[in-house]
Structure formats: structure tokens, C-alpha cells
Amino acid sequence: MTHNLKLTNSFTRKKELFKPINPKSVTMYACGPTVYDNPHVGNARSLVVFDTLFRVLKKIYENVNYVRNITDVDDKIIEASKKKNKTINEITEEVTKIFHQNCKSLNCLKPTMEPKATSHINEMVEMTKSLIKKNFAYEANGHVYFSVSSFKNYGALSNKNLEDLKAGSRIEVSKFKKNPMDFVLWKPSAEGDPGWESPWSRGRPGWHLECSVMSEKYLGKQFDIHGGGLDLIFPHHENEIAQSCSNNSSEKFSNYWVHNGFVTINKEKMSKSLGNIISITEAVNKYSGQVVRLALLSAHYRQPLDWNDKLLENQRSTIEKWYQLYDETNEEISLELIDTLLDDLNTPGFIAKIHELYTKANKGDKKSKKIFNSACKLIGLFDLNKNEWENFKKINKDISEDFILKKIEERLAAKQKGDYKLADQIRNELLNKDVIIEDQKGKTTWKFK
RNA sequence: GGCCACGUGGCGGAAUGGUUACGCAGAGGAUUGCAAAUCCUUUUAUUCCAGUUCGAUUCUGGACGUGGCCUCCA
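Residues numbered from 1 in each chain as written. Chains lettered and ligands numbered in written order. Predicted model: local features only at pLDDT ≥ 70, side-chain atom pairs only at ≥ 80, totals over all residues. Heavy atoms only, no water.

Undergrad: I tried to follow the overall build of chain A on my own but got confused; where do I start?
TA: When its secondary structure is counted, chain A shows 16 helices and 15 strands. Overall, chain A is about 90 × 55 × 35 Å in size when its C-alpha atoms are taken along their principal axes. Looking at chain A as a whole, 52% of its 449 residues are labelled buried. Expressed as a percentage of contacts within chain A between residues at least 6 apart in sequence, the contacts between residues at least 24 apart total 75%. As presented, chain A carries roughly 22,100 Å² of accessible surface, and 48% of it is formed by carbon and sulfur atoms. Of the side chains in chain A, 69 bear a positive and 59 a negative charge, and the two mean positions are spaced by 3 Å. (Helix = DSSP H or I, 4+ residues; strand = E, 2+ residues; numbered from the N terminus. Buried < 20%, exposed > 50% of the residue type's maximum accessible area, 1.4 Å probe, protein only. Contact = heavy atoms within 4.5 Å. Areas by Shrake-Rupley, 256 points an atom, 1.4 Å probe, with all protein chains shown as cover. Lys, Arg positive; Asp, Glu negative; His and termini not counted. Charge placed at Lys NZ, Arg CZ, Asp CG, Glu CD.)

Written out as C-alpha cells, the structure is:
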């Protein structure tokens, strides 16, 4: 298949033609969740964006190796454990389970691999040893720090230089660090906290290390795409580069860096500290997974996306409208159509094309109808068939079908008698209960709002 | 303070050196007992200033504004 996928590479800050290392097999790593608390809509954006990229890559390459990690050792998990009076395992298992449910309801495909940090402690210890041996890291009082000044390209991804970083430093400087910018590879654990034996202390790895270790293990020392939210550029991804390139004596780690923009609420970043969090579970229960998914894809992935009821209601009526032409079908989509997605994953442009297909299909064009359905499925919509979608809407509605059908009969009788006042009254009564009555081609149908 | 992104019609949101998507909302019409749904038609825009150009919303510079990163964060 010929194609020209373009991606905006955060490293060069330019849109570039994508050329994988292996022309038939693509390698992609995306930073997954730290499992300490319910994932929120901001996390969902990352999930959906990289899932969509995964789907597009699968469409044009024979093989796509997509790794998304789970961070299950972290200070925030320890805090959550103490705060909620639960064990570390209880917390991480519980949140991982919710995360997987969220992925499913958003119709995200399973990544090729989903490695956990705690299953790779040995490799992280080995990498730390190696970095010390090569003089990129040093031990101090049970801690191991990466020496930032030893890596000459430090700041290349985030476009920062060490002088500026020092000048604006808000970092808590540990007395053991040689340089305030140095970051931790290994730290000792307090008694009772999760810890593993190591040459330096009973402790745990620093956050950045797992991604370096796991990406190398499953994708190689150099791979094609590394993704995550915009806020991971510094320090997380910068530090991954420093560790991996130093240890491998290589210039490159990931060839393309892809970062998604934030979900905002009232134009402000959704974040725990601002307390403006909406969980994925909450959003999905209210609007359904695919409405949430469509909303997340309604703006280009690098732009901010403001989360509000109007946006969601809008997407909901779009999905509702599109379901009228739902079809179990699998028509091959032309490259011309996919081209919009290949241009830096332009999902809003692609959605516009779906609207156009809908219009044509609705006029009776059978081929457009098939392509319309395939296009929806390509970006992960229509995971529920029409019945399942109608059933979904019945959840949280305390009204029985029998009651609705009885009311429809009463209304029909009223209409036949010419009592339109009563007929309208019944229709309004049902509308107040979120039931919409439609008279079409001599038949009366109903559906939930 | 350093760095980055953005500023498109009533709203959301793409694209583009000249013909100006798409959705929602609005207007008119078809249909309907009236509606709803659907169909047809349709109004409205590129923050400001300067430069490059035959021509800029698009390129360059500046101003103003908004948000983000520089500490954990998708």
C-alpha cells in the first residue's frame, strides 16, 4: 500500500514524513497510566489518540508493535495506599482494573504489550549499574542519580538549556545531588514501603527508568514512535533520552516524538491540583464510550480540547444521527479518504468527510453507506451495533417498554378520534421521560433521547 | 524571567498564497394533524499593525490577548 503518513515530531517541532526503521514493521511506545487513582478524561485523550494512530498504522503497515506500560511503583501510589488505608497491591490492581474497563468502553484496541514496571526491576537495576559503570550516574547515600551534565544533548527535546533550568529552578534540591538538575535512578525505600534489594539500598527505581528499560526490551534500542501527553516532554521524556542514549552510546532513542494536547475545563488544564477532574468512568456512564471518543477526536490531537456539556451533547446527537445508517459491513476505504488521517492524524478533517459520506448515503447511495460505516469503524466508532446502542441508552432510565408501547397505543387511538390535544399531551408526557416519539411512514417509533 | 503553542463566522473546528471545509445553532422551503426525524436552499469569519507579493487568513516582523512547560501530571 502506498501512503505518506506525516507526523509532527516534537523533537524537530516540524511535520515530517514518517519513515519507519523497518519498512514493514512499526514500533511505537506510549506512556501509560500510573495506577494510583481513577483515570480522567485527560488520560482518555492520550489513550484515544494513540489508539487511533495505532489503528491507522495497522491499516498501512503489515505489522505494528505497540507497547503501553503500566506504572505500578511510584510515590503517588504509596501516598494513596496510606491515605486510603489499602495495600499497594489493592490500589494498583483496583486502578488497573478500572483503567482496563475504561479502555474497553472507549473501544481502544489492546496494545501488543502492556508491561508493568514491577516486572522489570531487575532490568532497571542492571541499567543503573551500567550507567554508573559508564560514569553517567553516581551513588550517594543509597541513592543513584543521573548526572545531567554528562549528557551533552540534555534539553534537546524540550528546548531547554541547563542555565535557564537552573535560573528558573523550583526543584527541591537534595543534599546528595551534585547538580540540582540531576534526577534519581534509584532511591531507598522506607521500611514498609515497596522496595527491592540492590547494590545501593533496599529501594525502588526512579520514574523515568522503566520506560527506557521496557521500550528497549520490547522495541529495541532505537524505535519509531514515542508518544504521550504534552506535559511528559519535560522532564520525563527528556530524562528517558538522557538515560537511554548515554547507556547505548547512541544519538537517537525514538525517531519520532508525538505529543497530544490537554483537555481543558474553562480553558484551564484538567489536573488534580486544580481539582477540575472528570473521570473516564463518569464521562462514559453519562454519555457512552463512543460519544466520549468522538468528542476526544473532534479537535486535532495537538490542540487543546475544552470539555463541556455543549461539546458532549453535540457529539451525542451526531452519534445518534449516524446510527440511523448503521450497517454491519466492511468496505475497503480508499487511500484518498484515509489521506486526511495520514496528514498528522487530522481527525476533525476525517470526521468532516464522514459527515459528507453520511449525506450522500442518506440520499440512497449504497456505496457511500458502506464506506461511511467503515470510516466510522476505522476511528473506533460503532463498536456497539444498533441494538446494543439502543440498549445502552435504556440504562439509567426507569421506564418500561410496556408502558411506552401502551402510551403509544393510547396516542394512536386519540389521533384516530381526531383528539390531537390528547395525542400531543401523551407525546409530551413521554418526552419528559426522555422518550422521543416519531411518526414515520405511517408508523410510530420511539427512542430514548 | 526562559521556552512553547494558540488567536478563523453566534458556537465548535479544519484547510489554504487567489476559488473560503464540516458540524451545531439561525432563516426559508418540502414533508407532517401539529411535531420529530429526514431532505433541499440559505446568512455570517480569518485579533490588530507593518512588510514581502499582482494578490495574505495563510509567509516575515511587531503589538495585544489566551493557555501551557520550566516540580508530580496525559
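What follows picks up the thread again.
Undergrad: What is the right way to look at the nonpolar core in this model?
TA: Within soluble globular proteins, side chains that are nonpolar tend to cluster in buried spots. Ranked by size, the top nonpolar core spans 73 residues in total, and within it Leu 57, Ile 225, Trp 307 and Trp 322 carry the most contacts. With 37 residues, the next largest nonpolar core counts Val 125, Phe 136, Leu 165 and Cys 245 among its residues. (Core = buried A, V, L, I, M, F, W, Y, C linked by side-chain atoms within 4.5 Å.)

Undergrad: What's the story with the sheet that holds strand β13 (residues 305-306) in this structure? I'm lost.
TA: Either a parallel or an antiparallel arrangement is found when strands of a sheet pair, and the pairing is made through backbone hydrogen bonds. Spatially, 3 strands are ordered β12-β11-β13 in an open sheet, and the strand pairing comes out mixed. Looking at strand neighbours, the two that pair on one side only are β12 (268-269) and β13, the edges of this open sheet. In the sheet, strand β11 (residues 263-265) pairs with β13 via 2 bridges, with the strands oriented parallel. Directly across from Val 263, in β13, lies its bridge partner Leu 305. (Pairing = 2+ DSSP bridges.)

Undergrad: Can you help me understand the environment of Asn 63 in this one?
TA: Assignment of secondary structure puts Asn 63 in strand β4 (residues 63-68). Residue classification places Asn 63 among the partly exposed residues on the basis of a relative accessible area of 41%. Residues Asn 63 and Trp 322, spaced 259 residues apart in sequence, show a C-alpha to C-alpha distance of 31 Å. With residues up to four places along the chain from it excluded, the contact list for Asn 63 reads Lys 24, Ser 25 and Val 26. Of the polar contacts made by the side chain of Asn 63, one reaches the side chain of Ser 25; its length is 3.0 Å. (Polar contact = N/O pair within 3.5 Å; in protein donor to acceptor, adjacent residues only side chain to side chain.)

Undergrad: Mind showing me how you'd approach helix α14 (residues 386-394) here?
TA: Every α-helical turn comprises 3.6 residues, leaving residues that sit three or four positions apart pointing alike. Two or three places before Asn 387, at the opening of α14, Asn 385 has a side-chain oxygen 3.0 Å from that residue's backbone nitrogen. Just downstream of α14, Asn 396 is the residue with a positive phi angle, here 70 degrees.

Undergrad: Would you explain the packing of aromatic side chains in this entry?
TA: The geometry of an aromatic ring pair is captured by the separation of the ring centres together with the interplanar angle, meaning the angle of the planes. Scanning all chains against the criterion turns up 17 aromatic pairs. For the pair Phe 253 and Trp 257, a centre-to-centre distance of 6.0 Å together with 45 degrees between the ring planes defines the contact as tilted. The burial state of Phe 253 is the same as that of Trp 257; both residues are buried. Ring geometry for Phe 372 versus Phe 382: centroids 6.0 Å apart, planes at 80 degrees, classification edge-to-face. Taken together, the residues span a long stretch of sequence, with Phe 372 in helix α13 (residues 366-378) and Phe 382 in the loop between α13 and α14 at a distance of 10 residues. Joined through ring pairs, the aromatic side chains of Trp 322, Tyr 323, Tyr 326, Tyr 358, Phe 372, Phe 382, Trp 389 and Phe 392 make up one cluster. Its guanidinium or amino end placed over the ring of Phe 234, Lys 160 lies 5.3 Å from that ring's centre, counting from NZ or CZ. Sitting over the ring of Phe 262, Lys 269 keeps its end group 4.4 Å from the ring centre. (Phe/Tyr/Trp six-rings, centres within 6.5 Å; stacked < 30°, edge-to-face > 60°. Lys NZ or Arg CZ within 6 Å of the ring centre and 35° of its normal.)

Undergrad: What is the right way to read the pattern of salt bridges from this model?
TA: Side chains that differ in charge, positive against negative, can pair when their charged atoms come close. For the structure on display, the rule yields 29 salt bridges. Residue Glu 313 pairs with Arg 316 through a salt bridge whose shortest N-O separation is 2.9 Å. Here Arg 316 and Glu 313 lie together in helix α10 (residues 309-322), a separation of 3 residues that amounts to about one turn. Exposure remark for Glu 313: the relative accessible area of 35% places this residue in the partly exposed category. A relative accessible area of 24% places Arg 316 in the partly exposed class. Put simply, Asp 439 and Lys 415 hold a salt bridge, and the shortest N to O gap is 3.1 Å. Here Asp 439, found in strand β14 (residues 435-440), pairs with Lys 415, found in helix α15 (residues 401-416); they are 24 residues apart in sequence, far enough to count as distant. Exposure remark for Asp 439: the relative accessible area of 40% places this residue in the partly exposed category. (Salt bridge = Lys/Arg side-chain N within 4 Å of Asp/Glu carboxyl O.)

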